[in-house]
Amino acid sequence: MGNRGDGLLAQLRRPPGGRDGRIMLLAQFLDRAGTGVWAASSALYFTFVTRLDAQEIGLLLGIAALAGIAGSPLAGQLAERFPVRSLLIGCHLLRLGTMGLLLACDGFAALLPVMAVTCLAERAAKTLEMLFATRAAGERRATYQALTRSAANAGYALGAGVAALGLAVGTVGAYQLLVLANAFSFAVTAALVSRTRQPRSAPGRVAAGAPPAAPAPPPAAPAGPAPRPWRDRGYLRFVLLDIPMNLDDSVLAVGLPLWLVEHTTAPHALVPAFLVLNTVLVVLLQLRFSARAEGPHRATGAVALAGLAMFIGCALVALGTGGGAWSASAALLAAATVVTAAELMRSVSSWELAVSLAPDRSRASYLGVAGMSQSVQKSAGPLLLTGAVMTAGPAGWLALGTAVAGLSLLQRRSCLRRLAAMRPVDGPAAAAAPDGAADTHPAPARN
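Keep in mind the model is a prediction, meaning the values are calculated, not measured. (Residues numbered from 1 in each chain as written. Predicted model: local features only at pLDDT ≥ 70, side-chain atom pairs only at ≥ 80, totals over all residues. Heavy atoms only, no water.)

## Brief notes about the nonpolar core
Okay, step 1: Of all hydrophobic cores here, the largest spans 79 residues; its most connected members are Leu128, Tyr235, Leu256, Trp397 and Leu400.
Okay, step 2: By residue number, the principal contributor to this core is helix α13 (residues 325-356), which donates 13 residues.
Okay, step 3: Residues within four places of Trp397 in sequence aside, it is in contact with Val251, Gly255, Leu256, Trp259, Cys314, Val317, Ala318, Leu385, Val389 and Met390.
Okay, step 4: Ranked by size, the runner-up nonpolar core spans 19 residues in total, among them Phe46, Val49, Ile57 and Cys119. (Core = buried A, V, L, I, M, F, W, Y, C linked by side-chain atoms within 4.5 Å. Buried < 20%, exposed > 50% of the residue type's maximum accessible area, 1.4 Å probe, protein only. Helix = DSSP H or I, 4+ residues; strand = E, 2+ residues; numbered from the N terminus. Contact = heavy atoms within 4.5 Å.)

Shown next, in the form of structure tokens:
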């Protein structure tokens, strides 16, 4: 467990994983900074540099996002055969190459494979980062996840600021420099990852600042083939229910801005405040929220709280935006705050449960499948909000909040049942272990 009283700066100085943890946090900060540059400028790059129209841009990004869904399970499968660190370096170098190719591409047909490979490599990299952290941080993975999200959001904010400078210039050369800045971030990130030690394949602890201890003799391999996630109905149920739990991302990025513009009289200048508010709250509060989700049983409680927060946020949108500009602005800012709280709880609990519900022998492939929930949400979430929720008006928001809250309770119940089925039957020793301390599970029951 981490020291819950420590602040963000103290934890950054001695994160889980020691030296490797610090390097990976810096690598992820730079990676997300480059991604923030591209995210803030990509639509305008495609419009003014490659001359795509709005429909082509939407189709390009939609197909690329669908390709990205395959990145997580592919990374999980490969991580069971090859070193995680090497695969992660390869993903960053692949993204470096695709960004370079982007500068030479002109037209939809040429851009489509480049963007599809970019999205696939991005999703694979995030899954491999999750695997690296799970192995290097050990029992303190919830603390490490909180630090990762704080570093990532700070990186996104820096990237958006850099992009704003380039967009203010507005020339083709400025747009191309932004692409090169993104590519450069991948090169530096790959170099940083190469300086880390290869994490042990089995879950364990790496003492901060200390060389790895001599490995203990491996336990006898369980009889029978290793469990496979695609045949594990209980784990697939968890992944399926995790998709709607990730809708906070689309609500903040798509739902609230479009609702403000199309259904309220609030000033359009308020839209950037949603991102700023979300970024600041995540950087400042993620570590505190993660302390409440350490261990699988606390994580199940955080899932239910995230669902409740989503319901409150959606209700604020539905019931608080029918008046004037001031009341609509206040309601939307309150909704953004509450939905950010849902994100803070969901982000750590989803990862903790994805790890805890997976068997040790096949953890890499299981986490690869779990990573699909975010990818699917990124593809389907905006369509759900624009095509169903917002079309139905305030009733659509209430239905969305009610559905997410109800599914969060179902997710909690399902996870608790699976955890109970996975609990080792060694009597007092298992009962006395602190929550989250025992990380070794038998093959999961297909409940």
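## Observations regarding the packing of aromatic side chains
Okay, step 1: Under the counting rule described, the total for this entry stands at 7 aromatic pairs.
Okay, step 2: An angle of 75° between the planes, with centres 4.7 Å apart, marks the rings of Tyr235 and Tyr366 as edge-to-face. In this pair, Tyr235 sits in helix α9 (residues 233-245) while Tyr366 sits in helix α14 (residues 363-370), placing the two residues 131 residues apart along the sequence.
Okay, step 3: Judged by relative accessible area, Tyr235 falls into the buried class, the value being 0%.
Okay, step 4: On the accessibility criterion, Tyr366 (0% relative accessible area) is buried.
Okay, step 5: Pairwise contacts between aromatic rings join Trp38, Tyr45 and Phe46 into one cluster. (Phe/Tyr/Trp six-rings, centres within 6.5 Å; stacked < 30°, edge-to-face > 60°.)

## As for a nonpolar patch on the surface
Okay, step 1: Residues Leu305, Leu308, Phe311 and Ile312 make up a contiguous nonpolar surface patch of about 340 Å² in total accessible area.
Okay, step 2: Summarising the element assignment, Leu308 is placed in helix α12 (residues 296-320).
Okay, step 3: Under the relative-accessibility criterion, Leu308 is labelled partly exposed at 45%. (Patch = residues over 30% accessible without salt bridge, like charges linked within 9 Å, V, L, I, M, F, W, Y side chains within 5 Å. Areas by Shrake-Rupley, 256 points an atom, 1.4 Å probe, with all protein chains shown as cover. Salt bridge = Lys/Arg side-chain N within 4 Å of Asp/Glu carboxyl O.)

## Re the side chain of Asn246
Okay, step 1: When you line up the elements, Asn246 lands in the loop between α9 and α10 (248-263).
Okay, step 2: The class of Asn246 is buried, set by a relative accessible area of 2%.
Okay, step 3: Reaching out from Asn246, the side chain makes a polar contact with the backbone oxygen of Asp242 at a distance of 2.7 Å.
Okay, step 4: In contact with Asn246, other than residues within four places in its own chain, are Arg346, Ser373, Gln374 and Gln377. (Polar contact = N/O pair within 3.5 Å; in protein donor to acceptor, adjacent residues only side chain to side chain.)

## Side note on the packing of helix α5 (residues 84-102) against helix α8 (residues 172-193)
Okay, step 1: Relative orientation of the contacting elements α5 and α8 amounts to 165°, with a least axis distance of 9 Å. Judged on the interaxial angle alone, α8 and α5 are roughly antiparallel. The handedness of the crossing between α5 and α8 is left-handed. Two secondary-structure elements touch here, α5 through Arg85, Leu88, Ile89, His92, Leu93, Arg95, Leu96, Met99 and Leu102 and α8 through Val179, Asn182, Ala183, Phe186, Ala187, Thr189, Ala190 and Val193.
Okay, step 2: Along the lines of polarity and charge, the residues of the contact of α5 with α8 split into 12 nonpolar, 3 polar and 2 charged. (Axes fitted to C-alpha atoms, helices over the stretch in contact; angles between N-to-C directions. Parallel < 35°, antiparallel > 145°, perpendicular 65-115°, else oblique. Left-handed = near helix turned anticlockwise from the far one by under 90°. Nonpolar A, V, L, I, M, F, W, Y, C, P; charged D, E, K, R; others polar.)

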